[in-house]
Structures are given as C-alpha cells and as structure tokens.
Amino acid sequence: MSTTAIFEPLRLGALTVKNRVLRSSVAGRFDNYDGSGTEVRMNWDVKFARGGVGAIISSNAPIHERGHIVPGYAYLDSDDKLPFWRELGRRVREHDCAYIVQLVHAGRERIIPGLRYEEGVGATDDPEPLNGFECRRMSVDEIGAVVESFAQAARRAREAELDGVELAGANGMLFTQFLSPAINTREDEYGGPLEQRARFSLEVVRAIRREVGRDFCLGFKISVEEATRELLPWLARGNSVDDVLRVCRWLEEAGVDYLHVSAGTGFPHPRNPAGRFPASEVVKTYDALLSSGRHTFRNFLVFRTWPLSAAFRWWWERPQGKLGIEGINLPASRAVKQAVSIPVLCTGGFQTASVIESAIERGDCDGVTIARPLVANPDLVRFFEQGLDRAPRPCTYCNKCLFRFVEDPLGCYEESRYESREEMVREILSVYDVDARRGAAVA
Ligand SMILES: Cc1cc2nc3c(=O)[nH]c(=O)nc-3n(C[C@H](O)[C@H](O)[C@H](O)COP(=O)(O)O)c2cc1C
Ligand code: SF4
C-alpha cells in the first residue's frame, strides 16, 4: 500500500504542515475552572504530537468566559493566559508538530452553563433544542464586542507563537447559530438573507486579519451538511449545501486559509461524531441534559426508559447505515474543494491509511483530521509509517468517550480494546501523570 500522499507536506496559508493527518479538536475538562491551563492539558496534546500527526488543532478555547461549552477548558480571553499557550505550543513543536488553536464562542450550544452566566447569549432567543438551556439574542453592540474578542484572541495566539487559529464555525456553535436559517430568527442586519446571516462570520475573519496580518494561518470549521432535521425532525430547515458553498467562497475572499468540513447544527449530532449512541453511558454522565434546561422530563424519558431509549438509539444511528462512518463527510468535502481554491480538511471517522490516501488522491480533500481514532491510538500515524493500513485495535466508534468526558477524564472507554478494565483505567489516567506542578495553573 502506498502512503505517499499522506506524508506529503501541506500548506495552509503561511503554515506548512509536515503531513496530511491533523489531530482534530478533542480534549476533556483537563484545565481549571477559571480558564487557566494545566500540565494535564499539555500532557494530553503532547501525546498526539509524539504520535506523529502533522498538526494539532486544540480543543475549543473560549474567547470569553460566557462562550464556553463546558467549564474546564483553557481560555484565550486575556493576556495573562499567554504564557500557558506559549509553553504548550513550544512543547508540541519539539515533536515537529504544528499547533493551531481553535477559538470558540458557544452561544447557546452549552452542555454545562457554569457558575457565572446561567443564560446563554447567541443569535436567537430560542433555547438549544436538545438540552433546552435558555438563551437570549445578542444586541448589535454585544455582537461587536464578540467580534473584537475573537480578534484579540487571535492576536494572543500569534503573540504566543502558535502556528494558527481555527474558528469553531461548525456543530451549532455561535457561527453556526448566525449562519443557519434553522436557528437564526433575527430581523436585523445579522438575520434574514444568507448575505446577512454570514455577516458575523465575515466580520470576525476580517477583524482577525486586521489584528494578525495575512501571514498567520486562519482556518474555519464549517458544517456543510447541516442535517438539522436528522436529529429533531420538527426543527426548521437549515442551509442547503449550495448556500454553504457560497459562504465558503465568501470566507475565502475575506482571508480564510483553509476550510475544515464537518456536519450538523448541534453537538453532538448523529453525523458528528458519527457512531453509536451508548444509552447506558449517557445516563451515567449527561446529567446536565437530563436534569436541567427546558426538556428535563422529555430527556429523562428518552434516555432512561425502554423502549424510548432503544428508539432514540435507532434514530441516532440511522444515517450511518446509508453513509458509513469512515469518511462520512467526504461528499461534502468534495463539493467544497470544487467551490474554492484554498485547502480543504475533512473530519469524520478516518483511521485507515488506504481510505485517507484515496480521498486525497481523488481530490476530495487535501488532508484529514482525526479525533476519536487518535484517542484510541495516539500512535496511529506511526502505524501508517510502518506500512500498516489500520491500528491493530482500531476505534470502534462506540462513542463512550464522547459521553463520558463531561464528568470523567477523556480517554478510550471501549473495554474490548484492552486486556483488562485495570489496563483501561491506567491508560485513561496516564494523562494525569505529571510532575510536582500537577494540576496547578500554568500562567
Ligand atoms: C470528546 C470530544 C470532544 C470534541 N471537542 C471538539 C471541539 O472542541 N471542537 C470541535 O470543533 N470539534 C470537537 N469534537 C469533534 C471532533 O473534532 C471531530 O470533528 C469529530 O469527532 C469527528 O472526527 P472523528 O470521527 O475522527 O472522531 C469533539 C469530539 C469528541 C469526541
Ligand atoms: S471510546 Fe474508544 S473506541 Fe469508543 S469511540 Fe471513543 S476512542 Fe473510539
């Protein structure tokens, strides 16, 4: 099997990445509640750098405390956070791996609102439809402040000598909330026709370019197949693929260096990360969804009672039946490739060298990003280097990691992949194996 295409360098604007496999955003709640970073997070990211990926895209880094999805992720909201990010980037680069930080404002798409802001702010007054957390639409002045916060966070990433920033524009985060007609019900200049719904994203891109210049890598993760009704059929229709392709062209014109193709107008979603719906894990750890927000009783019934839980599980897993999991977003990625001339990354299920190789050779994407299969096998790229097509114990897409990370450390929870439960626990906890500064804020 040839793996030539995988090991070709990839240019993303001013940044050159050594190969075509990037780690996609994935991390647990490894940082401190106040948004300062920890040694645990450094351990986590360095593990993948050591495993041979060309670049790491950090898990979402909130640009403002109000924009977090869950507490316990390092923020990039103030200059005092710079030393942590600088050190993290330095440690990752020791392994010839680039570090791109993903900037997020979650808007209404929150899993745990946290201490300070019980009410979310987003593009709309409508609560998030799965968990039902309350939300109110931002005023135009508030939107301006968020645009500026993104620009300042990007400036900090550059000052911390990181290799680039990616905007968390997919999966229901604030950018999606403005872009999608399934969510954006505004009647002002940020709502209505596509041009106006795209205004917020384009303003952020231009504001970042103003702060960091043209020679700093800037990516945008975007949901191309919004598939809004695939999870909750009573919701309004989202953007068509053609609409999203128009947005991709505008993003390119505004100065984005690469697009990162994902799917869905919420997180999680049957298409992202595609895989099983492990109901027994969900009831153990998704307490916030079960017990808060507007849909407490509905979620209790759906997640806890048979046959509703079985029916929901079937409903969740149904799109994969026809689309498959590995490369689920490749048709969308191909469409984006044909619409723009900047590089296109694709996320979704990748863990087989020959599949990745063919996708790149066919021109469906320029590179792939991987999350869960790297959680299962951080050395996956080393296996590819040795000529293996797949890791001996691949990721099963069971999604137990996804539903555990809210309350337990992120790691692979698929017991069948280990010799014993003890081995699994040891492996999951190994990320805490740090020196005397264990758990302390690095600032
Ligand atoms: C535990 C977990 C956390 C994630 N966090 C983020 C995130 O912060 N930002 C983001 O854009 N995607 C996030 N994702 C989505 C992944 O980056 C990726 O796009 C998705 O899992 C599909 O890729 P995979 O099949 O290789 O896992 C997360 C996924 C998982 C499982
Ligand atoms: S728990 Fe392990 S096998 Fe299951 S999806 Fe996560 S990484 Fe893959």
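**Side note on the layout of surface pockets**
Approximately 340 Å³ is the volume attributed to the largest pocket. Around the largest pocket, the lining comprises 23 residues; the ones closest to its centre are R108, E128, P129, L232 and L235. Classifying every residue of the lining of the largest pocket by side-chain character gives 12 nonpolar, six polar and five charged. Empty space within the second largest pocket amounts to approximately 280 Å³. Along the walls of the second largest pocket sit 18 residues, with A376, N377, P378, R417 and E427 positioned nearest its centre. Of all the elements in the fold, those that place two or more residues in the lining of the second largest pocket are α1 (39-50), α15 (372-376) and α18 (421-429). For the lining of the second largest pocket, the leading source of residues is α18, giving three residues. When the residues that make up the lining of the second largest pocket are grouped by side-chain class, the tally is 10 nonpolar, two polar and six charged.

**Quick notes on empty space enclosed by the protein**
Evaluated as defined, the whole model comprises five cavities of 30 Å³ or more. Here the largest cavity defines a volume of roughly 590 Å³. Surrounding the largest cavity, 37 residues form its lining, S25, V26, F267, N272 and P273 being those nearest its centre. Mapped onto the lining of the largest cavity, the elements with two or more residues apiece are β6 (98-104), β9 (164-169), β13 (367-370), α15 and α17 (400-404). Grouping the constituent residues of the lining of the largest cavity by class yields 22 nonpolar, 12 polar and three charged. Quantified by volume, the second largest cavity comes out at close to 80 Å³. Ranked by residue count, the leading element in the lining of the second largest cavity is α15, at three residues. Partitioned by chemical class, the residues of the lining of the second largest cavity number eight nonpolar, three polar and three charged.

**Describing the side chain of S201**
For S201, the position within the fold is in helix α6 (residues 199-212). In this structure, S201 is in contact with F175, L179, F220 and L251, ignoring residues within four places of it in sequence.

**A short note on the site of ligand 1**
Surveying the vicinity of ligand 1 reveals 20 residues, the closest of which are S25, N60, G349, A371 and R372. Contact between ligand 1 and Q102: a nitrogen atom at 2.8 Å from a side-chain N or O atom of the residue. A371 places a polar main-chain atom, nitrogen or oxygen, 2.8 Å from an oxygen atom of ligand 1. Burial of ligand 1 by the surrounding chains reaches 96%, relative to a free accessible area of 610 Å². Applying the majority rule of atoms within 2 Å of the grid points places ligand 1 in the largest cavity. Across the shell around ligand 1, the residue classes break down as nine nonpolar, nine polar and two charged.

**Focus: the state of the cysteines**
Structurally, a disulfide amounts to a covalent bond that connects the sulfur atoms of two cysteines. Here the structure, examined in full by the defined rule, presents zero disulfides. In this model C248 remains outside any disulfide bridge; the closest cysteine sulfur is found in C346, 12 Å from its own. With no disulfide partner, C346 has as its closest neighbouring cysteine sulfur the one in C365, 5.5 Å distant.

**Concerning the site of ligand 2**
Near ligand 2, the surroundings consist of R372, A376, C395, T396, Y397, C398, N399, C401, C412, Y413, E414 and R417. In the shell around ligand 2, the residues fall into seven nonpolar, two polar and three charged.

**As for the packing of aromatic side chains**
Scanning all chains against the criterion turns up 17 aromatic pairs. When the centroid spacing of 5.3 Å and the interplanar angle of 75° are considered together, the rings of F84 and W85 count as edge-to-face. Take F84 and W85: they sit in the same class, and that class is buried. The side chain of R199 reaches across the aromatic face of Y190, ending 5.8 Å from its centre.

**Section: the environment of T228**
Structurally, T228 can be placed in helix α7 (residues 228-231). For the pair T228 and A263, spaced 35 residues apart in sequence, the C-alpha to C-alpha distance is 9.4 Å.

**As for the side chain of T369**
Tracing the sequence through the fold places T369 in strand β13. Among the polar contacts listed, one links the side chain of T369 to the side chain of S24, at a separation of 3.4 Å. There is a polar contact of 3.2 Å between the side chain of T369 and the side chain of T347. If we ignore the near neighbours within four places in the chain, the residues touching T369 are L22, S24, I57, H260, L345, C346, T347, G348 and F350.

**Focus on the nonpolar core**
In terms of nonpolar packing, the biggest core is built from 120 residues, with W85, V101, L103, L167 and F200 touching the most fellow members. In terms of residue count, the dominant contributor to this core is helix α3 (residues 140-159) (eight residues). Apart from residues lying up to four places away in sequence, L103 is in contact with A61, I63, L76, F150, A153, A154, V165, E166, L167 and A168.

**What to know about the confidence of the model for the protein**
Of all residues in the protein, 96% attain a pLDDT of 70 or more, and the chain-wide mean is 93. Contacts of residues 436-441 to residues separated by more than four positions or lying in other chains number 13 contacts, the stretch itself having pLDDT below 50.

What counts, and at which threshold
- Residues numbered from 1 in each chain as written.
- Chains lettered and ligands numbered in written order.
- Predicted model: local features only at pLDDT ≥ 70, side-chain atom pairs only at ≥ 80, totals over all residues.
- Heavy atoms only, no water.
- 1 Å grid on protein atoms, 1.4 Å probe; cavity = no way out; pocket = protein on both sides within 12 Å on 5 of 7 lines; lining within 4 Å.
- Points joined across faces, edges and corners; volume = space filled by probe spheres on them.
- Nonpolar A, V, L, I, M, F, W, Y, C, P; charged D, E, K, R; others polar.
- Helix = DSSP H or I, 4+ residues; strand = E, 2+ residues; numbered from the N terminus.
- Contact = heavy atoms within 4.5 Å.
- Near = heavy atom within 4 Å.
- Polar contact = N/O pair within 3.5 Å; in protein donor to acceptor, adjacent residues only side chain to side chain.
- Areas by Shrake-Rupley, 256 points an atom, 1.4 Å probe, with all protein chains shown as cover.
- Sits in = over half its atoms within 2 Å of the grid points.
- Disulfide = S-S within 2.5 Å.
- Phe/Tyr/Trp six-rings, centres within 6.5 Å; stacked < 30°, edge-to-face > 60°.
- Buried < 20%, exposed > 50% of the residue type's maximum accessible area, 1.4 Å probe, protein only.
- Lys NZ or Arg CZ within 6 Å of the ring centre and 35° of its normal.
- Core = buried A, V, L, I, M, F, W, Y, C linked by side-chain atoms within 4.5 Å.
- pLDDT = per-residue confidence, 0-100.

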